[in-house]
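# Secondary and tertiary structure notes
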Amino acid sequence: MAGTFDISLDSLAGRSVPAEDVSSECLSDSLQPIRKDRKAPKTAPCATGMRDGATFFLETFGCQMNDHDSEKVAGVLLSRGYRQVESPDAASLVLYNTCSIREKAAQKVFSRLGEYRTKQAAGQVIGVLGCVAQQEGEEIFARAPWVSLVCGSASYRKLPELLAQVEAGHQRVTGLNNDTDETFETPVTRRDNPWRAYLTIIEGCDKACAYCVVPFTRGPERSRASDSVLKEVRELADLGYSEVQLLGQTVNSYADPSSRRMRFSELLLAVADVPGMRRVRFTTSHPRDFGADIVAALESQPKLCNHVHLPVQSGSTKVLREMVRTYTRDEYLEKIAMLRKAKRPIAITTDIIVGFPGETEADFAETLSLLEEVQYDALFSFKYSPRPNTPSLSMPDAISEEEKSRRLAVLQETQREIQGKRNAGMINTMFEVLVSGKSRRENQWSGHTSCHRVINFTSQEQNLLGTYVQVLVTGAGPNSLAGEQVT
Ligand code: SAM
Ligand code: SF4
């Protein structure tokens, strides 16, 4: 990890990618440097006792939406009487919630399943959830016959009945119907973070980016009714959460299915109005649906965090057209100009793919020039990875792995310099920080600013976790800030 300080900036996109494919400049999610094969945290009581003695281990690969799906799956299991354990060896049910956005992510799942070849014989039940489950379907039973449950995210609502079949001893249980208008809502969600809560407001994706598996693995776009979203936000505030992050693959394409017909920007303001909520974030925004009303909402309500993640993917209009991103470089830059004109500074981060089929040196140079022009606060960068069923799979002029790696390195170095300068410009600035970490070193803490930077700071105070403090920035590296608490 580059930079003077040892904690990377936090981001919103929180994708789950093999570390070697990701920019060292990117901001990782959940207060962690890119580490997506998180194990279960220490937890958690059973609820109804339907399955006395049953235990589950749930490992999650992938984006924040997968993380949050896992929190809801854990809620379903707890309410069936399961107890969560921290090791697969101690579990009667071992579940993998998977990611297939890039090839290596999918490979990782099969290699993990290989490690559990002997578990079924030992009486353990193995299940595969999420994008790889949806993509590979029953093929998983052929490749890993010790698996008993395969369930894509669009079928999570059926989990209780699928689990009932698994509990009854069925060997090949599937939930693979992708054609749904339902969202996954649970009475119980077992959340990982005590201060910041995820809340999915729109599932699936109706865009058709030529490289992307999400529309195939997560099904069509379906939004959750605004009343139900707001009810959950009020419940979160009652539980003591002060920060909520609204999630969706294209969160700003939100379309309220209820008679209120709330626009996304109205929903943002309504969430921020819930007493007890202090910070509201949202990710990921699609540039096509990013309008002036969202910027106006950010300007009018300081509880809406001053950060927008707006993936561009390429700086070349020609490549954007091939990618079917539905905007040109200039149209994207108009959205950036809107954000830059806002009454308060708003951090902007993005995603970029290098080495898309047919991307020339000149196209890549346009991506580099876009970085210089926009001056992003951080970016996630990826080498193009050919994915099953996607239109780009059959596109000519594939770029060699070697060339993709070279472009990725150039891109990352360019961004590293930009980030270094932007962060250095923050020295002597005061930020409000939500404290989320305590270092082993005495008086050392860490947390996040509203603009989603990680800041490591000193304070003589005790018991700061979960509180908001004012921190003066005294140092900066490309990936984080350093400072001291001001009382
Ligand atoms: N919906 C978001 C958007 O439109 O920007 C992105 C969601 S996707 C899960 C996260 C990121 O993964 C994308 O922004 C893209 O940069 C990257 N990605 C998706 N498919 C990819 C592929 N086939 N190869 C490389 N990167 C990919
Ligand atoms: Fe994938 Fe494009 Fe949908 Fe994002 S908008 S999830 S990149 S298809």
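Rules of the game
- Residues numbered from 1 in each chain as written.
- Chains lettered and ligands numbered in written order.
- Predicted model: local features only at pLDDT ≥ 70, side-chain atom pairs only at ≥ 80, totals over all residues.
- Heavy atoms only, no water.
- Pairing = 2+ DSSP bridges.
- Helix = DSSP H or I, 4+ residues; strand = E, 2+ residues; numbered from the N terminus.
- Axes fitted to C-alpha atoms, helices over the stretch in contact; angles between N-to-C directions.
- Contact = heavy atoms within 4.5 Å.
- Near = heavy atom within 4 Å.
- Polar contact = N/O pair within 3.5 Å; in protein donor to acceptor, adjacent residues only side chain to side chain.
- Nonpolar A, V, L, I, M, F, W, Y, C, P; charged D, E, K, R; others polar.

## Concerning the pairing of strand β15 (residues 430-438)
- With five bridges connecting them, β15 and strand β18 (residues 468-476) associate as antiparallel partners. If you follow Phe431 over to β18, its bridge partner there is Val471.
- Of the pairings in the sheet, the one linking β15 to strand β16 (residues 444-448) comprises four bridges and is antiparallel in character. Across the sheet, residue Lys438 finds its bridge partner in β16, namely Trp445.
- Between β15 and β16, which pair antiparallel one after the other, the connecting turn spans five residues, and Asn443 there sits at a positive phi close to 65 degrees.

## Thoughts on the sheet that holds β16
- What the five strands build is a closed barrel, ordered β15-β16-β17-β19-β18; its pairing is mixed. The mean angle between the axes of side-by-side strands here comes to 55 degrees, regardless of whether they run parallel or antiparallel.
- Where β18 meets strand β19 (residues 481-485), five bridges bridge the pair, whose relative direction is antiparallel. Bridge assignment links Val471 to a residue of β19, and that residue is Gln485.

## Some points on the environment of Leu93
- Among the secondary structure elements, Leu93 is positioned in strand β3 (residues 93-98).
- With residues up to four places along the chain from it excluded, the contact list for Leu93 reads Thr55, Phe56, Phe57, Leu77, Tyr82, Val125 and Leu163.

## Some remarks on the site of ligand 1
- The environment of ligand 1 is made up of 17 residues, and the closest members are Gln249, Gln313, Arg325, Asp351 and Ser385.
- Here Gln249 contributes a backbone N or O atom positioned 2.6 Å from a nitrogen atom of ligand 1.
- Between an oxygen atom of ligand 1 and a side-chain N or O atom of Asp351, the distance comes to 2.6 Å.
- Elements with a minimum of two residues in the shell around ligand 1: β13 (347-354) and β14 (378-383).
- Within the shell around ligand 1, the residues separate by chemical class into six nonpolar, five polar and six charged.

## Brief notes about the site of ligand 2
- All residues in the neighbourhood of ligand 2 are listed as Cys205, Lys207, Cys209, Tyr211, Cys212, Val214, Pro215, Gln249, Thr250, His286 and Arg325.
- Along the lines of polarity and charge, the residues of the shell around ligand 2 split into six nonpolar, three polar and two charged.

## Topic: the environment of Asn177
- Along the chain, the position of Asn177 falls in the loop between β6 (173-175) and β7 (196-200).
- With 24 residues separating them in the primary sequence, Asn177 and Ser153 have C-alpha atoms 9.3 Å apart.
- When near neighbours in sequence (up to four residues on either side) are disregarded, Asn177 contacts Ala154, Ser155 and Lys158.

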